[in-house]
Structure formats: C-alpha cells, structure tokens
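Fold and geometry: a report
Read off the chains here:
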Amino acid sequence: MAIRRIYETPDAVLRQISKPVETFDRELKTLVADMFETMYDAPGIGLAAVQVGVPIRLLVIDLQEPEEEGGEPVRDPRVFINPEILWHSDSEVPYTEGCLSVPEQYAEVMRPDRIRARWQGEKGETYEEEIEGLLAVCLQHEMDHLNGVLFIDHLSRLKRDMVLKKLAKWRKEQALKAA
Ligand code: K1U
Ligand code: ZN
C-alpha cells in the first residue's frame, strides 16, 4: 500500500470526466487500498480516484464515526465503483463541505438530503441503496469529482472568489512556514 499525491485546484486533472471502470483486477484492488491509505492519512472522509490522478469512476468513503467514550474511531470503509444516482429527493439540506483538493477551505453547499444510488463493488458486484445524511452528502460530493466538478463550483462567484483568495493566503503562509 502507498500514500499517493492528492492533486489540488487549479490542476487540470481535477476537471477531467472520469471513465467507467471495466476491469475488476488486482491493479484496481491496489488503487483502492492506496486510496484508503491516502484518505486516512490526509485525513478525510472521502476520496475520488481522479484526486490521486487516476480519472476512473471509483471513489472511497469512510465516515469514521467516533466511538463513544473517546476511543478510536470505528472504521467503515466503503468502495463505490461506477456509481449512479437513480433518484434524489426534492428537498435539499445545507452542509459545510471541505475538500482535500481545496485544502483547509470550507463552505456551505445545498444538496438533496436523500438519494437512491446504484454502484459496483471491487469484484464487480452490483449494489442499490437509499442513502441519507452525511453519507448522501459525501457520495454526491465525490460523484461530482467524477464529473470534474468541485464543491466551490456550487457557490456564487463572490463566495467562490473568497474561498480561492483564502486558499491563496493559506498556501502563502504554509510556504513561509516551510522556508
Ligand atoms: O476531498 C474530498 O473529496 C474529501 C472530503 C469529503 C467531504 C467532506 C465534507 C463534505 C463532503 C465531502 C473531505 O474529507 S474534507 C475533510 C473532512 O471533511 C474531514 C476530515 C477529517 C475528519 C472529518 C472530516
Ligand atoms: Zn472533494
């Protein structure tokens, strides 16, 4: 297993439309394992393959619910290959989203609160489920990545420009700290 580089905005790789996965082989298994290691290291709760520079329709999620009484978080790794949204609720909810490709920046995004999704697992098996809450938010965010969309694209131009300005400032501060 290996920690891979996470590409950040404005890298053009993030704007690619990811291709469907057709071969469920050892190489795919290695990529999935690397993506979990990269996501846990970041840390994050989701990661799309395109964020590590592989534009295929694969994403991983682990909401890492904290264990009660301050113990280690309980891991719940989930793999979504070739995911599709079959249905979404008309009602939307706000959630303050972050993104490992837009580091240290957060903004409120509105998304449908319930979706019905179909996807494949690592062996090519098909799943279908109704999903709500944070998993629905995260799955929609990660599926946006497969279509070259970032959460900042859902913001007004004014809010997006503010986030990008804050990101530039944060990067400058990081560079100064590293010097
Ligand atoms: O870059 C990504 O796509 C991952 C992103 C997923 C996400 C977060 C919030 C709403 C929707 C999608 C992140 O994981 S950002 C980091 C983050 O939210 C987090 C990190 C550590 C613990 C808990 C949350
Ligand atoms: Zn993201």
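The text that follows walks through the structure, step by step, so that each part is easy to find.

How each quantity is defined
- Residues numbered from 1 in each chain as written.
- Chains lettered and ligands numbered in written order.
- Predicted model: local features only at pLDDT ≥ 70, side-chain atom pairs only at ≥ 80, totals over all residues.
- Heavy atoms only, no water.
- Helix = DSSP H or I, 4+ residues; strand = E, 2+ residues; numbered from the N terminus.
- Buried < 20%, exposed > 50% of the residue type's maximum accessible area, 1.4 Å probe, protein only.
- Lys, Arg positive; Asp, Glu negative; His and termini not counted.
- Salt bridge = Lys/Arg side-chain N within 4 Å of Asp/Glu carboxyl O.
- Polar contact = N/O pair within 3.5 Å; in protein donor to acceptor, adjacent residues only side chain to side chain.
- Contact = heavy atoms within 4.5 Å.
- Near = heavy atom within 4 Å.
- Areas by Shrake-Rupley, 256 points an atom, 1.4 Å probe, with all protein chains shown as cover.
- Phe/Tyr/Trp six-rings, centres within 6.5 Å; stacked < 30°, edge-to-face > 60°.
- Lys NZ or Arg CZ within 6 Å of the ring centre and 35° of its normal.
- Donors = N, O, S within 2.8 Å, 3.2 Å for Na, K, Ca; no water.

Take the side chain of Arg57 next. Tracing the backbone through its elements, the reader meets Arg57 in the loop between strand 1 (46–48) and strand 2 (58–61). No salt bridge is formed by the buried Arg57. Its closest oppositely charged neighbour is Asp144, at 8.7 Å. At 2.9 Å, the side chain of Arg57 forms a polar contact with the side chain of Asn147. Setting aside chain neighbours within four positions, we find Arg57 in contact with Ile17, Ser18, Lys19, Pro20, Val21, Phe80, Ile81, Asn82, Pro83, Leu146 and Asn147.

To continue, consider the site of ligand 1. Looking at ligand 1, there are 14 residues lining it, with Ile45, Gly46, Gln51, Leu100 and Glu142 nearest. In the model, an oxygen atom of ligand 1 is placed 3.1 Å from a nitrogen or oxygen of the His141 side chain. The fraction of the free accessible surface of ligand 1 (530 Å²) that becomes covered by protein chains is 79%. Counting residues per element, the ones that place at least two in the shell around ligand 1 are strand 4 (92–97) and helix 2 (133–146). With four residues, the top contributor of residues to the shell around ligand 1 is helix 2.

Below, the discussion takes up the packing of aromatic side chains. The tally for this structure, following the rule as stated, stands at three aromatic pairs. Here the aromatic rings of Phe80 and Trp119 are separated by 4.8 Å at their centres, their planes lie at 50°, and the arrangement is tilted. Separated by 39 residues along the polypeptide, Phe80 in strand 3 (residues 78–88) and Trp119 in strand 6 (residues 114–120) bring together distant segments of the chain. Within the aromatic cluster, the residues linked to one another by ring pairs are Phe80, Trp119 and Tyr127. Its end group placed over the ring of Tyr7, Arg5 keeps NZ or CZ at 3.9 Å from the ring centre. Above the face of the Tyr40 ring, Arg75 is positioned so that its terminal group lies 3.6 Å from the ring centre.

Looking now at the coordination of the zinc ion (ligand 2). Ideal values for angles at a metal depend on the geometry: 109.5 degrees with four tetrahedral donors, 90 or 180 degrees with six octahedral donors. The protein atoms that coordinate the zinc ion (ligand 2) are Cys99 (SG), His141 (NE2) and His145 (NE2), at distances spanning 2.1 to 2.3 Å. For the zinc ion (ligand 2), the donor residues sit on a single chain with the sequence spacing C-x41-H-x3-H. Placement of the pair is His141 and His145 together in helix 2, with a separation of four residues, close to one helical turn. A relative accessible area of 6% means that His141 is categorised as buried. His145 gets classed as buried once you look at its relative accessible area, which sits at 0%.

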